[in-house]
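# A structural walkthrough
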Amino acid sequence: MRTDLHKHLLCAAGLTPLAALSGGCADTSDTRPNILFVIADDQSWPYASAYGCKTVSTPGFDYVAGHGALFNNAYVTSPGSSPSRASILTGLYPWQIEEAGTHASSFPARYTCYPDVFREAGYHVGYTGKGWGPGDWAASGREHNPAGPEYNECRLDPPYSGISKIDYAANFRKFLAERPEGAPFCFWLGTHEPHRPYENASWVKAGHALDEAEVPGFLPDADPVRGDILDYAVEIEWFDRHLGSCLEELERRGELDRTIVIVTADNGMSFPHAKANCYDAGLHVPLAVCWGERIRPRQVVESPVSLVDVFPTLLEASGVTYGADSVLVGESLLPLLEGRAAEYGSEAVYAGRERHSCSRYNNQGYPMRSIRSGNYLLVRNFHPERWPAGDPQALDKKGRPAAMHGAYYDIDAAPSKTYLIDNRENPQVKSYFDAAVARRPEFELYNLKSDARCLHNVADDPHYSDIFERLRSRLQMRLAETGDPRVGVDPEIWESYPRLEGKMRTFPAPKE
């Protein structure tokens, strides 16, 4: 048995040694690879220690990266959980999958998901934690969550109140115990962490110190923000512990080397200017992939890639065929993983969002589309007259206007959000507050090399006019060729899709 995994996880995480593991031989009656897809809920790049981030310790993620490939520029197709996950599962952009492309709606059964393709091919399929969601998958007649049959029976007593009681690793072991002899498996492990709410000051109990927090440039460097980031780090470390346990279980069974392990997140961190925004912090996520000797270890991949590539990657790796009418819009990552980078043709990644939470008058969304190419990110806001983080004022239960600046519900409730609102008149904070909630122009262009935090819009700068026109044209062309209603005959169809989960709120009518 290889002992480097066990030692790596223990040393990096400071865990109590487990009982000695016995190697065991995997049943190789089916030579197709197993698939373990592990996805965090709301984790931005670079919050993993493999990236050099000192705020978190992630030995599980680091092991996958060290024994395979670490991606420096991986992007989701939407900065919100439900559409991002639906895109991963279908291999299509959010604007191609109707209700599944917005938040907390339904998931039409006519869109095939990769777990169903693998189940039909003889794989043992399941998921634990958070699969596709939020939303109502049963509303469309599906038999189970699009991520597969549910394995959530095993529970635990979490060390912090913000952490789920689902024992992800134990459910994975249960799933493996029920696998038919000789069958390969396809498992989706989706933690609820580091999604809010967090236990306030959990970082103190976890032994962190305020000076460990690395504050991104789109947030003010203040103690409440630092504490909030450390609470976020505590939940990332919880996610990583379960990842490490699953890797150890695979090694114990002698199946780690024949398993494709993909570790990533569904969208960016739930902080102002990140999650629910098509900025870098909303779309740029960690990604590491390993697959025994098939992938050269310690690779670092710089090419921009999209998580819409997951489905075609798994198809190519397994040899499973897909005969659906819909053509997958992504492409396999295997050329990048196997040293054939010239065969990977994508030079840009695309993303978009519609409604996130119920945050505006008449439950309206804030439609955005974006293209990342080279060092540049172009964002198009289709309704710049609306508030990007949600209306600033809601109505109370009696229909009366509540406090101004008491809403902005597309930003999750958090100490960082409260700090921005309470200090919005402070000259040292005002620019951060405005960047998070103020109205935006139709087009935004950012030079990520000099402005990775997306705070200095250069769309109107003559120096960037050629870059702006090139990206605007490429974005428009891609949206048109992939059938985005926003550039088609029915751009407002998104407003007709029902919200089936989450709070419904009311807001004052916009002033003429």
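Reading the values: rules and limits
- Residues numbered from 1 in each chain as written.
- Predicted model: local features only at pLDDT ≥ 70, side-chain atom pairs only at ≥ 80, totals over all residues.
- Heavy atoms only, no water.
- Core = buried A, V, L, I, M, F, W, Y, C linked by side-chain atoms within 4.5 Å.
- Buried < 20%, exposed > 50% of the residue type's maximum accessible area, 1.4 Å probe, protein only.
- Helix = DSSP H or I, 4+ residues; strand = E, 2+ residues; numbered from the N terminus.
- Domains from an automatic or database assignment.
- Contact = heavy atoms within 4.5 Å.
- Salt bridge = Lys/Arg side-chain N within 4 Å of Asp/Glu carboxyl O.
- Axes fitted to C-alpha atoms, helices over the stretch in contact; angles between N-to-C directions.
- Parallel < 35°, antiparallel > 145°, perpendicular 65-115°, else oblique.
- Left-handed = near helix turned anticlockwise from the far one by under 90°.
- Nonpolar A, V, L, I, M, F, W, Y, C, P; charged D, E, K, R; others polar.
- Buried area = accessible area lost by both parts, 1.4 Å probe.

Considering soluble globular proteins, one finds that nonpolar side chains tend to be buried as a cluster. Ranked by size, the top nonpolar core spans 148 residues in total, and within it Leu36, Phe71, Tyr114, Phe118, Phe172, Trp188 and Leu445 carry the most contacts. The leading source of residues in this core is helix α7 (residues 223-252), at 13 residues. Three or more residues apiece are contributed to this core by two domains, here domain 1 (34-344) and domain 2 (352-495). Leaving out residues up to four positions away in the same chain, tryptophan 188 has contacts with Phe37, Ile39, Arg85, Ile88, Leu89, Tyr114, Gly126, Tyr127, Thr128, Lys130, Gly131 and Ala147.

Pairing between side chains of opposite charge can happen when the charged atoms of each approach one another. Summed over the entire model, instances satisfying the criterion amount to 33 salt bridges. One salt bridge in this structure joins arginine 119 and aspartate 116, with 3.6 Å as the shortest N-O distance. Taken as a pair, arginine 119 and aspartate 116 lie in helix α4 (residues 114-120) at a separation of three residues, close to a single helical turn. Each of Glu354, Arg369, Glu385, Arg386, Asp484, Arg486, Glu492 and Glu495 takes part in salt bridges that share partners, so that together they form one network.

Looking now at unusual backbone geometry. In this structure, proline 134 follows glycine 133 across a cis peptide bond, with omega equal to 0°. Among the structural elements, proline 134 can be located in the loop between β3 (124-129) and α5 (168-177). In this chain, glutamate 193 is followed by proline 194 through a cis amide linkage whose omega measures 0°. Inspection of the secondary structure puts proline 194 in the loop between β4 (185-190) and α6 (202-205). A positive phi angle, close to 65°, is found at alanine 104, a residue other than glycine. Residue placement: alanine 104 occurs in the loop between α3 (81-90) and α4. Its relative accessible area of 0% is what places alanine 104 among the buried residues. A positive phi angle is found at cysteine 454, which is not glycine, with a value near 55°.

One can describe the packing of α5 onto α7 by two numbers: an axis separation of 8 Å at closest approach and a directional angle of 25°. The orientation of α5 relative to α7 falls into the category roughly parallel. Like other packed secondary-structure pairs, α5 and α7 cross with a definite hand, here right-handed. Two secondary-structure elements touch here, α5 through Tyr168, Ala169, Phe172, Arg173 and Leu176 and α7 through Trp238, His242, Ser245, Cys246, Glu249 and Leu250. Across the contact of α5 with α7, the residue classes break down as seven nonpolar, two polar and two charged.

Our focus in this paragraph is the domain arrangement of the protein. Accessible area lost upon the coming together of the parts is a frequently used measure of interface size. The domain boundaries assigned to the protein delineate domain 1 (34-344) and domain 2 (352-495). One C-alpha centre belongs to domain 1, the other to domain 2, and the line joining them spans 25 Å. Each partner contributes residues to the interface: domain 1 has 40 residues there, and domain 2 has 39 residues. The largest contributions to the domain 1 side of the interface with domain 2 come from Trp95, Cys278 and Tyr279, which together make up 22% of the buried area.

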